[in-house]
Amino acid sequence: MAQQEKQEGRMKFCCSICLDLLKDPVTIPCGHNYCRSCINTHWKGNQKKPHSCPQCQKTFTTRPALVKNTMLEDLLQKLKTTALQAPPADHGYAGPEDVACDVCTERKMKALKSCLVCLASYCEQHLQPHYESPAFQKHKLVEATVKLQESICSRHNEVMKIFCRTDQECICYVCSMVEHKDHKIVSTATERTERQEELEMSRQKLQQRIQEREEDMRMLQQEVDAINCSAYKAVEETEKIFTKLIGALKKRSSDVKQQIGNQQKAEVCRAKELHKNLKDEIAKLKRKEMELKQLSHTEDPTQFLHSYPSLSQPSESTDSPVTEIHHLQQFDNLTSAVTTTRDRIQAILSEKFMRTSPEEVDTDALLTPAVPKTRAEFLQYSRQVTLDPNTAGAGLLLSNENRRVTKTGGQTQPGHQDRFIAVSQVMSTNELTGRCYWEVEKKGSVSVAVTYKNICRTGDFTACAFGYNNKSWALTYDNSYTFRHDTSVFLTNYQPSRIGVYLDHSAGILSFYSVSETMTLLHRVETSFTEPVHVGLWLHGSDGDFAEICE
């Protein structure tokens with residue numbers, strides 16, 4: 001019954017349109033109340049009909065002004081607050097996690113306060129003497145706690161009201177006279193006051209750190225919002241650009257089709273005209289051949305000789321009109337031109353288009369992380385690289401956990417399908433993608449390279465040697481530095497002993513550096529890698545030369 005009355009009372013504060021508690025309540029002239037958004041939506045959906053009250057159906061000539069019901073809004077706010085703060089039904093009995101009253105004899109009630117003098121906890125009923133009797137006026141009451149026994153000295157069964165600063169522990173009066181004699185002691189209240197100040201300072205520091213972290217989070221969220229907003233705008237703009245580009249390509253495609261169609265009609269008409277001329281000429285030649293045949297069968301010599309001069313004259317000799325027919329190379333030229341355009345567009349999209357804005361602003365940092373500048377920045381992308389013994393060519397010895405390769409002579413290696421036969425080369429076990437960095441310490445004539453796994457192992461030298469084909473890129477040192485990828489580019493006579501290699505596989509960037517206190521760029525190439533690459537080392541000098549991939 002009470003629940004039903006509560007429900008009926010709640011309905012009085014509900015909107016008759018959405019059947020929920022009123023939100024931003026407004027009153028119309030007839031006195032009924034609605035949510036502002038609900039009545040606006042209701043009238044907006046019935047614009048052709050006179051505005052009326054959904055409850056009493058009273059109509060209005062013009063759309064009534066909506067007046068905010070301030071009193072009703074305050075009542076609703078109090079109703080919500082009361083509903084949220086209403087405590088659950090509780091009879092005051094102590095639960096497993098509550099502090100129980102020490103006086104209750106039957107079912108224990110929850111204690112409200114604990115007395116530090118009595119060392120007991122009391123429920124509301126048994127606590128009254130502490131409030132009413134003068135004998136308890138000096139007793140100190142605290143929030144109910146189960147740790148009262150911690151305030152009792154286990155040796156002397158006395159309340160510990162003294163703090164020994166020498167031993168940093170709470171003690172009773174007897175302890176201060178015996179075990180802690182001559183120690184520095186103060187009252188627990190005095191010590192608590194000082195510790196409270198320290199605690200407040202710690203709390204202030206923590207609050208400051210919390211505020212700093214919250215500010216960091218706010219700034220980070222702003223950055224995320226800015227990134228999302230920028231990305232959204234970029235998507236919109238690029239979508240418009242690509243839509244226009246696609247439209248232009250479709251328009252050009254239509255123009256090309258029309259051009260091919262017009263050319264087709266012209267060539268077909270030309271061919272039909274030539275076909276008609278050929279047909280007429282063939283008919284004329286056949287008539288002449290028939291006349292000559294008849295003349296050849298004439299028995300009368302006089303008649304033969306009389307007709308021969310006119311018939312024996314050869315017909316006009318003309319070049320075959322077929323030679324004037326175009327071979328329609330124009331169609332092939334158009335197809336070739338379209339193919340060339342396609343290749344150019346693909347090259348622009350894959351290499352440059354996404355890295356340069358119309359204002360020539362360097363947006364590469366927005367699309368890919370910035371290229372490192374210092375050695376510490378490069379080392380963030382370092383990779384642990386090991387060499388594959390199964391690829392090592394003749395005369396190469398691997399050591400130092402397969403990171404060092406030394407040229408030792410002409411020792412033969414066990415046969416393996418991955419082994420380089422014609423060249424003293426070795427490649428890594430690791431496949432490299434993404435952003436990678438490694439360093440090579442070398443001595444002698446050494447090539448430091450990256451290569452696809454499917455590079456040739458036997459056969460022609462240029463197909464196998466790093467840098468001499470389109471499957472490998474190599475920085476070669478032989479008295480001077482040369483970069484090779486199909487063709488060679490002379491670089492410098494500078495002779496660093498340690499080479500740093502930086503690879504951004506997805507961006508198609510490969511850079512070689514001289515490693516010292518500063519990073520000196522030796523050569524950088526931009527390309528397009530179509531598959532993962534491996535580290536390659538080629539020792540093309542004398543015995544004793546070595547190369548080691550540094551840890």
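Scoring rules and cut-offs
- Residues numbered from 1 in each chain as written.
- Predicted model: local features only at pLDDT ≥ 70, side-chain atom pairs only at ≥ 80, totals over all residues.
- Heavy atoms only, no water.
- Pairing = 2+ DSSP bridges.
- Helix = DSSP H or I, 4+ residues; strand = E, 2+ residues; numbered from the N terminus.
- Contact = heavy atoms within 4.5 Å.
- Axes fitted to C-alpha atoms, helices over the stretch in contact; angles between N-to-C directions.
- Core = buried A, V, L, I, M, F, W, Y, C linked by side-chain atoms within 4.5 Å.
- Buried < 20%, exposed > 50% of the residue type's maximum accessible area, 1.4 Å probe, protein only.
- Phe/Tyr/Trp six-rings, centres within 6.5 Å; stacked < 30°, edge-to-face > 60°.
- Lys NZ or Arg CZ within 6 Å of the ring centre and 35° of its normal.
- UniProt positions renumbered as here; feature names shortened; annotations may be inferred.
- Patch = residues over 30% accessible without salt bridge, like charges linked within 9 Å, V, L, I, M, F, W, Y side chains within 5 Å.
- Areas by Shrake-Rupley, 256 points an atom, 1.4 Å probe, with all protein chains shown as cover.
- Salt bridge = Lys/Arg side-chain N within 4 Å of Asp/Glu carboxyl O.
- Arc of directions from axis to C-beta.
- Polar contact = N/O pair within 3.5 Å; in protein donor to acceptor, adjacent residues only side chain to side chain.
- pLDDT = per-residue confidence, 0-100.

**Topic: the sheet that holds strand S2 (residues 33-35)**
(1) Moving on: The antiparallel open sheet is built from 3 strands, whose spatial order is S2-S1-S5. Looking at strand neighbours, the two that pair on one side only are S2 and strand S5 (67-68), the edges of this open sheet.
(2) Moving on: Packed on one face of the sheet, helix H2 (residues 36-44) meets strand S1 (25-27), S2 and S5 and runs near 90 degrees to S2.

**A closer look at the nonpolar core**
(1) Moving on: Ranked by internal contacts, the top residues of the largest apolar core, which has 34 residues, are Val405, Val426, Trp438, Leu510, Phe512 and Leu537.
(2) Moving on: Not counting residues up to four positions away in its chain, the partners in contact with Leu537 are Leu387, Val405, Ser424, Gln425, Val426, Val440, Ser447, Val448, Phe466, Ala547 and Ile549.
(3) Moving on: If you look at the next biggest cluster of nonpolar residues, it comprises 15 residues, including Leu21, Ile39, Cys53 and Leu76.

**Topic: the packing of aromatic side chains**
(1) Moving on: Applying the stated criterion across every chain yields a total of 12 aromatic pairs.
(2) Moving on: Between Tyr381 and Tyr502 the ring centres are 6.5 Å apart and the planes differ by 65 degrees, which places this aromatic pair in the edge-to-face class. Of the two residues, Tyr381 is situated in the loop between helix H10 (375-379) and strand S12 (396-399) and Tyr502 in strand S20 (residues 498-504); the sequence distance between them amounts to 121 residues.
(3) Moving on: On the accessibility criterion, Tyr381 (23% relative accessible area) is partly exposed.
(4) Moving on: It is Arg404 that lies over the ring of Phe546; its NZ or CZ is 3.8 Å from the centre.
(5) Moving on: Positioned above the aromatic ring of Tyr381 is the side chain of Arg435, whose terminal nitrogen or guanidinium carbon lies 4.5 Å from the ring centre.

**Here we look at the environment of Leu522**
(1) Moving on: Along the chain, the position of Leu522 falls in strand S22 (residues 519-526).
(2) Moving on: Measuring from C-alpha to C-alpha, the distance between Leu522 and Phe512 comes to 5.5 Å, with 10 residues separating the pair along the chain.

**Considerations on the UniProt feature "coiled-coil region" (unreviewed entry) in the chain**
(1) Moving on: According to UniProt, the feature "coiled-coil region" (unreviewed entry) maps to residues 196-230 and 271-298 in the numbering used here.
(2) Moving on: Helix and strand shares over residues 196-230 are 100% and 0% respectively, and the end C-alpha atoms of the span are 50 Å apart.

**Thoughts on the sheet that holds strand S9 (residues 162-164)**
(1) Moving on: Spatially, the 3 strands line up as an open sheet ordered S10-S9-S11, and their pairing is antiparallel. Only two strands of the sheet have a single neighbouring strand rather than two, namely strand S10 (169-171) and strand S11 (185-187). Between one strand axis and the next, the sheet turns through 35 degrees on average, direction left out of account.
(2) Moving on: Here S9 runs beside S10; their pairing, made up of 3 bridges, is antiparallel. What sits directly across from Cys164, in S10, is Glu169.
(3) Moving on: Sitting on the sheet, helix H6 (residues 188-296) touches S9, S10 and S11, and the angle it makes with S11 is about 90 degrees.

**Quick notes on a nonpolar patch on the surface**
(1) Moving on: Taken together, Tyr173, Val174, Met177 and Val178 make up a surface patch of nonpolar side chains, about 410 Å² in accessible area.
(2) Moving on: Looking at the secondary structure, you find Tyr173 in helix H5 (residues 173-177).
(3) Moving on: Judged by relative accessible area, which is 57%, Tyr173 ranks as exposed.

**Focus: H2**
(1) Moving on: Regarding H2, the residues found buried are Cys38, Ile39 and Trp43. Looking straight down H2, one finds that the buried residues subtend no more than 125 degrees of arc, so they occupy a single side. Seen from the open side of H2, the exposed residues pointing more than 90 degrees away from its buried face are Thr41 and Lys44.
(2) Moving on: Where H2 is buried, its residues meet S1, S2 and strand S3 (51-52).

**So, the side chain of His534**
(1) Moving on: By secondary structure assignment, the location of His534 is in strand S23 (residues 534-539).
(2) Moving on: There is a polar contact of 2.9 Å between the side chain of His534 and the backbone oxygen of Ser428.
(3) Moving on: Among the polar contacts made by the side chain of His534, one reaches the main-chain carbonyl oxygen of Asn430 at a distance of 2.9 Å.
(4) Moving on: In this view, His534 contacts Met427, Ser428, Thr429, Asn430, Glu431, Ala449, Val450, Thr451 and Lys453; residues no more than four positions away in its chain are not counted.

**Brief notes about the environment of Glu377**
(1) Moving on: By the secondary structure assignment, Glu377 is in helix H10.
(2) Moving on: A relative accessible area of 32% means that Glu377 is categorised as partly exposed.

**Some words on the confidence of the model for the chain**
Should the pLDDT be low somewhere, the predicted coordinates at that spot are not to be read in detail.
(1) Moving on: On average, residues of the chain carry a pLDDT of 82, and 86% of them reach 70 or more.
(2) Moving on: When the criterion is pLDDT under 50, residues 85-89 qualifies, and its contacts beyond four places in sequence or with other chains add up to 0 contacts.
(3) Moving on: Scored below 50 in pLDDT, residues 355-368 shows 10 contacts in the model against residues more than four places distant or in partner chains.

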